[in-house]
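Commentary on secondary and tertiary structure
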Amino acid sequence: MAEPGRPGSTTAPRIHADVARRVAGSAAAGCAVAGAVAVTVAVVAGPGPGLTGYVSEAGIAGSAHATTYRIGILALAAALLLVGAALPPGVWAAAPALLATGAVCTAVSGAVTCSAGCPLPPFERATVADLVHGGASIAATAAVVFAMVTLAVSGPAGRAVRRLAGMAAALALPLCAAVGLAMLVLGRGTFVGVLERLILALAVLWGLATATALALAAESSTPVRSLTPTAPCDER
């Protein structure tokens, strides 16, 4: 039994917390892989317009792969939530809050489907559902990118997590700026479609890599209990 205050001793709550973070990180990695595979299958196998269209078009009502797409989106939302749960103590509170926001907005974008073509202003006439879906998708992407920035400068996150977040943010920020400008100036087209897919792929890869890093970090920090019995106190 560990003695309180003794150097090298570890309390049971800390061990349980490390195990919980390891489980959350492993589950996040699994959800990220499952979600990415499901969404990719729905987009590639669906009758969409290819690179000229949006990824969300795979989930419109009536699509043969709409259910697969929604399941994939919900799995990705769960991955974001689990990454937030796997973060070590001391990390800036903004990081898990942003990841939770990204998870909720991702789930909303999967639950509220857009109409055919997923039209968005200013070049197309959009319905209320289109605006809700588009707004949720944009908010989810922004929340994830800001979470990357926050983790990149949060010391307690760990060296590996900070590096992953810094590299991902350095790539995501210019891509997001480019796709936002292109949607306002060019509208729907191959350029926007390719940029959207690059941003989503980057977010998924970052989530998978971060979840794996967190799971491994939590495992390495969980001490192995000694099997050697502790000598009884010498009463004199």
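The coordinates are above.
What counts and what doesn't
Residues numbered from 1 in each chain as written. Predicted model: local features only at pLDDT ≥ 70, side-chain atom pairs only at ≥ 80, totals over all residues. Heavy atoms only, no water. Helix = DSSP H or I, 4+ residues; strand = E, 2+ residues; numbered from the N terminus. Buried < 20%, exposed > 50% of the residue type's maximum accessible area, 1.4 Å probe, protein only. Contact = heavy atoms within 4.5 Å. Areas by Shrake-Rupley, 256 points an atom, 1.4 Å probe, with all protein chains shown as cover. Polar contact = N/O pair within 3.5 Å; in protein donor to acceptor, adjacent residues only side chain to side chain. Patch = residues over 30% accessible without salt bridge, like charges linked within 9 Å, V, L, I, M, F, W, Y side chains within 5 Å. Salt bridge = Lys/Arg side-chain N within 4 Å of Asp/Glu carboxyl O. Core = buried A, V, L, I, M, F, W, Y, C linked by side-chain atoms within 4.5 Å. Disulfide = S-S within 2.5 Å.

Right, let's get into the overall build of the protein. When you go through the protein residue by residue, the secondary structure sums to six helices and zero strands. For the protein, the α and β elements follow one another from N to C terminus as α-α-α-α-α-α. Taking all 236 residues of the protein together, 38% fall into the buried category. Contacts in the protein between residues far apart in sequence, at least 24 positions, make up 71% of those at least 6 positions apart. By element, 71% of the accessible surface of the protein is carried by carbon and sulfur atoms, the whole surface being about 12,500 Å².

The topology assignment puts Thr210 in helix 6 (residues 190-221). Only 2.8 Å separates the side chain of Thr210 from the backbone oxygen of Trp206, close enough to count as a polar contact.

The next subject is the environment of Ala24. As for its placement among the helices and strands, Ala24 is situated in helix 1 (residues 12-45). Of the residues examined, Ala24 reaches a relative accessible area of 8% and is grouped as buried. Spatially, the C-alpha atoms of Ala24 and Ala79 are 9.0 Å apart, while their sequence positions differ by 55 residues.

Side chains of Leu181, Leu184, Val185, Leu186 and Phe191 sit close together on the surface and give an oily, nonpolar patch of about 540 Å² of accessible area. Counting residues per element, the nonpolar patch draws most heavily on helix 5 (residues 159-185), at three residues. For Leu186, the position within the fold is in the loop between helix 5 and helix 6. With relative accessibility at 55%, the residue Leu186 sits in the exposed group.

As a further point, take unusual backbone geometry. The linkage connecting Pro121 with the following residue, Pro122, adopts the cis geometry, with an omega of 10 degrees. Mapped onto the secondary structure, Pro122 falls in the loop between helix 3 (94-111) and helix 4 (128-152). Residues other than glycine seldom take positive phi values, yet Cys118 does so here, at roughly 45 degrees. Tracing the backbone shows Cys118 in the loop between helix 3 and helix 4.

The next point concerns the environment of Cys105. Within the fold, Cys105 resides in helix 3. Separated by 32 residues in the primary sequence, Cys105 and Ser137 place their C-alpha atoms 6.6 Å from one another.

Membership of the largest hydrophobic core comes to 37 residues, with the highest contact counts inside it found for Leu87, Leu99, Met148, Leu151 and Trp206. Looking at this core, the elements with two or more residues in it are helix 1, helix 2 (66-86), helix 3, helix 4, helix 5 and helix 6. Residue contacts for Leu151: discarding those within four places in its chain leaves Leu87, Val91, Ala95, Ala157, Val161, Arg162, Ala165 and Trp206. Counting seven residues, the second-largest nonpolar core is a separate cluster that includes Ala42, Val55, Tyr69 and Ile73.

The next thing to look at is the state of the cysteines. A complete count under the given rule lists one disulfide for this structure. Each disulfide pairs two cysteine sulfurs, and for Cys114 the partner residue is Cys118, the sulfurs being separated by 1.8 Å. Cys114 sits in the buried class, given a relative accessible area of 5%. Classification of Cys118 by relative accessible area gives buried; the value is 4%.

In short, the description is geometric, and any link to function would need to be established separately.
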